[in-house]
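# Remarks on the overall topology
Spelled out from the first residue to the last, the chains are:
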Amino acid sequence: MRRKPQQNILRAEDAANLYLLVLIPWELGLKKKTKGFDFEASAFKAFRETSNLDCTAFESSNELKKQMKHGLRSGVLPSNMILFLKGKNKAQGLIRAVRNAAAHGGVKESKIGSRWYICFDGNYRGKQNLYGRIQRTIFEEFLHALMSTAEHA
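The rules behind these values
Residues numbered from 1 in each chain as written. Predicted model: local features only at pLDDT ≥ 70, side-chain atom pairs only at ≥ 80, totals over all residues. Heavy atoms only, no water. Buried < 20%, exposed > 50% of the residue type's maximum accessible area, 1.4 Å probe, protein only. Helix = DSSP H or I, 4+ residues; strand = E, 2+ residues; numbered from the N terminus. Contact = heavy atoms within 4.5 Å. 1 Å grid on protein atoms, 1.4 Å probe; cavity = no way out; pocket = protein on both sides within 12 Å on 5 of 7 lines; lining within 4 Å. Points joined across faces, edges and corners; volume = space filled by probe spheres on them. Nonpolar A, V, L, I, M, F, W, Y, C, P; charged D, E, K, R; others polar. Salt bridge = Lys/Arg side-chain N within 4 Å of Asp/Glu carboxyl O. Core = buried A, V, L, I, M, F, W, Y, C linked by side-chain atoms within 4.5 Å.

### Some thoughts on helix α5 (residues 139-147)
Of all the positions in α5, only Phe 139, Phe 142, Leu 143, Ala 145, Leu 146 and Met 147 are classed as buried. Here the buried face of α5 lies against α1 (12-27), α2 (42-50), β3 (81-85), α4 (90-103), β5 (115-124) and β6 (127-135).

Given below as C-alpha cells:
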C-alpha cells in the first residue's frame, strides 16, 4: 500500500531564499519588465541538464492540468519537474508562477519515499499555472538558476 506523502511548511532557510531571491526582485521591478528574460540562459540550461529537471511550458491551463493529472494517475513523475503556464515569455512566466505560488501558500515541503522535495502548486485567477517538485537539496541552486533567466531584464 502506498503511503501518502507528508506535507509540511517550508524550512525557514528555504522560505527565506524564496523570499529574497524571487519575491523581492519580482516586486522591486521585474514584474514591470517586458524584455530581457531568457529561458535558455546558460546557468538555467546547465541546471536543467545536471539536475535532470523536466521543465515544460504549456500554452493553456487546461493542457497543463491534463498533463499533471496524467502523471499523477500513471504514478510516473520525474524526480525534478516543473509544469507551468508559458504566458508571453517562458522565463518570465516561470518566475511569475513561482512568485505567485510562494506568495499564496502554494509552496510546501514534502517527503516522498525517502527524499524531501519542495513542491509547487500554483493557481492564478482559478487557473492552474504551476505544478512541480524539486529535490530540497538543490532548491537554492534552482532559485539562483531560475533568476539567472532575468539577468538582462
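### Some details on the layout of surface pockets
One water molecule sets the probe size; rolling that probe over the atoms shows where empty space is left. Considering only enclosed or pocket space, the second largest pocket measures out at about 170 Å³ in volume. At the level of elements, α4 and β6 are the ones that each hand at least two residues to the lining of the second largest pocket. Examining the composition of the lining of the second largest pocket, we find that four residues originate from one element, α4, more than from any other. Of the residues that constitute the lining of the second largest pocket, the class distribution is three nonpolar, four polar and three charged.

### Here we look at the pattern of salt bridges
With the rule as written, the count across this model stands at seven salt bridges. For Glu 109, the salt bridge goes to Arg 11, with nearest N and O atoms at 4.0 Å. Taken together, the residues Glu 109 in strand β4 (residues 107-112) and Arg 11 in the loop between β1 (6-8) and α1 connect sequence positions 98 residues apart. When its relative accessible area of 34% is taken as the criterion, Arg 11 is described as partly exposed. By sharing partners, the salt bridges in this structure join Arg 11, Asp 14, Glu 109 and Arg 136 into a single network.

### Looking at the nonpolar core
Among the nonpolar cores identified, the biggest contains 34 residues, and Leu 18, Ile 82, Leu 94, Phe 120, Leu 130 and Phe 142 are the most heavily contacted of them. Leaving out residues up to four positions away in the same chain, Phe 120 has contacts with Ile 82, Val 98, Gly 106, Val 107, Leu 130, Tyr 131, Gly 132, Arg 133, Ile 134, Phe 139 and Phe 142. Among the nonpolar cores identified, the runner-up in size contains six residues, and Leu 64, Met 68, Leu 83 and Tyr 131 belong to it.

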